[in-house]
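Each chain is listed here by its residues.
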Amino acid sequence: MSEQTLSHTTTTDAGSVPDTAVLEQMYRLMVTTTLADKRSTEEAKAGRLQAAFYPVRGMEAVCAAIGAALTPQDRLVSTYRNLGDALAKGVTLRSIMAELYGRVDGTSKGKGGPMHLHDTAVGFIATTGIVGSGLPIAVGLALANQLDGSGAATVVTFGDAATSIGAYHEAMNFAALWKLPIVFVCQNNQWGEHTPIAEYAPSVELAKRAAAYSIHAERVDGFDPLATLHAIETAVERARRNEGPTFLECVTYRLTGHSGTADFSYVPRNELEAAMKRDPAPTFRSWLIDQGLTTGERIDELDREAEAYVADAFQFAENSPLPGEDELFTDVFADDTWVRSVK
Ligand SMILES: Cc1ncc(C[n+]2csc(CCOP(=O)(O)OP(=O)(O)O)c2C)c(N)n1
């Protein structure tokens, strides 16, 4: 695991503690994400999904912080590793799972899959499978927000390896130049598929590289939901005041393989074991109880609710019909000239 210099390290120096409703909502999101992630991985391994699944285990605290910091009018652009981000922005688990099963009740009627999950009604604008390609899209959205003066912020999430892609550098440059209302949230899980960060980046402190664009940049403990929330809230406020972009490097660790079916025996066991000790949902659970911010009974109740929500979503998705042949060409091309020629 890389050397870490963090601007916020523990929940105790994360600023004020949010009220109970926010804490519970964050815990609910983390535990729902963990449970849905584990079940999706099982479904992927059993060959029951229509596409690959990209686990978000290890990143749940970052997703919960995004959910707590954004309002419905703010917009989020994510990647293929999007389960937690989508839930955080308010996409229903039913529609996410139906999309992964390729069913009509999915966010793209089963035709988009995990790489094109989106729900514009809740501001979850786009997800992409091309590493780094979400950043220029988000910069365009932020420019639109700046021009219309709506005070909305755009957040874009991406992995650590995306910071070595050309589109990332173009996006960062324009965002800094035009002081756009955008927050770049790098979910640094320290792996790009099979390659550890130190083998593809000359400096593993990605926030330092980002600061060279004259962007306010910080390194945050991405296992810590409140430290991450504080950093994202501050960045979103900066965006709303039109004071320009922020880059947040949220340092986590990938607790699974790259995809639901991928081998990850190459990951050093000692690193994985150390990271597993900070598994976000159970760690936050213990912390909330230890701090007296909630009771064990209340947490058990939230766990049961999350289990029921996840079970319902998978059942709903399995029962949803597959799209008919008549759906093959609808919503696929913006210009349907070609479609009309083959019908
Ligand atoms: C432009 C591009 N190059 C390569 C790939 C193949 N690829 C898919 S995911 C991935 C790793 C990306 O790692 P990172 O950006 O850190 O995100 P993570 O998967 O860890 O969330 C690669 C190389 C791709 N999809 N797009």
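Source: prediction; values computed, not measured.

Caption draft 1: Layout of the packing of aromatic side chains. Applying the stated rule across the entire model yields 8 aromatic pairs. In textbook terms, an aromatic cluster arises when at least three aromatic residues are bridged by ring pairs, as seen for Phe158, Tyr168 and Phe247. For the cation-ring pair, Arg269 lies above Phe264, with the distance from its terminal atom to the ring centre recorded as 5.9 Å.

Caption draft 2: Up close: the sheet that holds strand β3 (residues 154–159). If you trace the 6 strands from one edge of the open sheet to the other, you get β2-β1-β3-β4-β8-β7, paired in parallel fashion. The sheet is open, and its two edges are formed by β2 (124–128) and β7 (216–221), each paired on a single side. Adjacent strand axes in the sheet meet at a mean angle of 15° when their direction is disregarded. Two strands pair when backbone bridges link them, and strand β4 (residues 182–188) and strand β8 (residues 246–251) are joined in this way by 6 bridges, in the parallel orientation.

Caption draft 3: Fine view of the side chain of Thr127. The residue Thr127 is located in strand β2 in this model. Judged by its relative accessible area of 5%, Thr127 is buried. Reaching out from Thr127, the side chain makes a polar contact with the backbone oxygen of Met115 at a distance of 3.3 Å. Separated by 2.8 Å, the side chain of Thr127 and the backbone nitrogen of Leu117 make a polar contact.

Caption draft 4: Representation of the environment of Ser265. In this structure, Ser265 sits in the loop between β8 and α9 (269–276). For Ser265, a relative accessible area of 55% translates into the label exposed. Taking the C-alpha atoms as reference points, Ser265 and Thr234, 31 residues apart in sequence, are found 38 Å from one another. Engagement of the side chain of Ser265 in a polar contact is seen with the side chain of Asp263, the distance being 2.9 Å.

Caption draft 5: Region of interest: the nonpolar core. In this structure, Leu83, Leu93, Ile96, Met97, Leu248 and Phe284 are the most contacted members of the largest nonpolar core, which totals 60 residues. If sequence neighbours within four positions are ignored, Met97 has contacts with Ser40, Ala313, Phe314 and Ala317. Within the second largest apolar cluster, 28 residues are counted, among which are Val77, Ala126, Ala142 and Phe158.

Caption draft 6: Structural context of the site of the ligand. Around the ligand, 14 residues are found, and the nearest of them are Tyr80, Arg81, Gly129, Ala161 and Trp191. Here an oxygen atom of the ligand sits 2.7 Å away from a polar atom, N or O, in the side chain of Tyr80. Summarising the interface, the protein chains cover 71% of the accessible area of the ligand, which totals 580 Å² for the free molecule. The residue makeup of the shell around the ligand, split by class, is 6 nonpolar, 5 polar and 3 charged.

Caption draft 7: Structural view of the pattern of salt bridges. With the rule as written, the count across this model stands at 19 salt bridges. With a shortest N-O distance of 2.8 Å, Glu60 and Arg57 are connected by a salt bridge. Of the two residues, Glu60 and Arg57, both sit in the buried class. Where Asp221 meets Arg278, a salt bridge forms, and the shortest distance between an N and an O atom there is 2.8 Å. In this pair, Asp221 sits in strand β7 while Arg278 sits in the loop between α9 and α10 (280–290), placing the two residues 57 residues apart along the sequence. With a relative accessible area of 4%, Asp221 lands in the buried category. Several salt bridges share partner residues, and in doing so they unite Arg39, Glu43, Arg48 and Glu318 into one network.

What counts as what
- Within every chain, residues take consecutive numbers counted from 1 along the sequence as written.
- Owing to the predicted nature of the model, reporting of local features is limited to residues with pLDDT of at least 70; listing and counting of side-chain atom pairs is limited to 80 or more, with chain, interface and lining totals taken over all residues.
- Note: side-chain values were computed over all heavy atoms of the structure, leaving out hydrogens and water.
- Classification of ring pairs uses Phe, Tyr and Trp, with its six-membered ring standing for Trp, and accepts pairs whose centres are within 6.5 Å; under 30 degrees between planes counts as stacked, over 60 as edge-to-face, and the remaining range as tilted.
- A ring is considered to have a charge above it if a Lys NZ or an Arg CZ atom is located within 6 Å of its centre and within 35 degrees of its normal.
- A pair of strands is labelled paired if DSSP reports no fewer than 2 bridges between them.
- Each helix is a run of DSSP H or I of at least 4 residues and each strand a run of E of at least 2, with the numbering of both proceeding from the N terminus.
- All axes are obtained by fitting lines to C-alpha atoms, using only the stretch in contact for helices, and the reported angles, taken between N-to-C directions, cover 0 to 180 degrees.
- Three exposure classes are used, based on accessible area relative to the maximum for each residue type with a 1.4 Å probe and protein chains only: buried under 20%, partly exposed in between, and exposed over 50%.
- Polar contacts here mean pairs of N or O atoms no more than 3.5 Å apart (in protein, one a potential hydrogen donor and the other a potential acceptor; neighbouring residues in sequence count only if both atoms are side-chain atoms).
- Here, the term nonpolar core denotes a set of buried Ala, Val, Leu, Ile, Met, Phe, Trp, Tyr and Cys residues that are joined through side-chain atoms within 4.5 Å.
- When checking whether two residues touch, look at their non-hydrogen atoms; a contact exists if any pair is within 4.5 Å.
- Any residue with a heavy atom lying within 4 Å of a molecule or strand is counted as near it.
- Note on areas: Shrake-Rupley with a 1.4 Å probe; residue coverage comes only from the protein chains shown.
- For this scheme, ten residues count as nonpolar: Ala, Val, Leu, Ile, Met, Phe, Trp, Tyr, Cys and Pro. Four count as charged, namely Asp, Glu, Lys and Arg, and the remainder, Gly too, count as polar.
- The salt bridge criterion pairs a side-chain nitrogen of Lys or Arg with a carboxyl oxygen of Asp or Glu, the two atoms within 4 Å.

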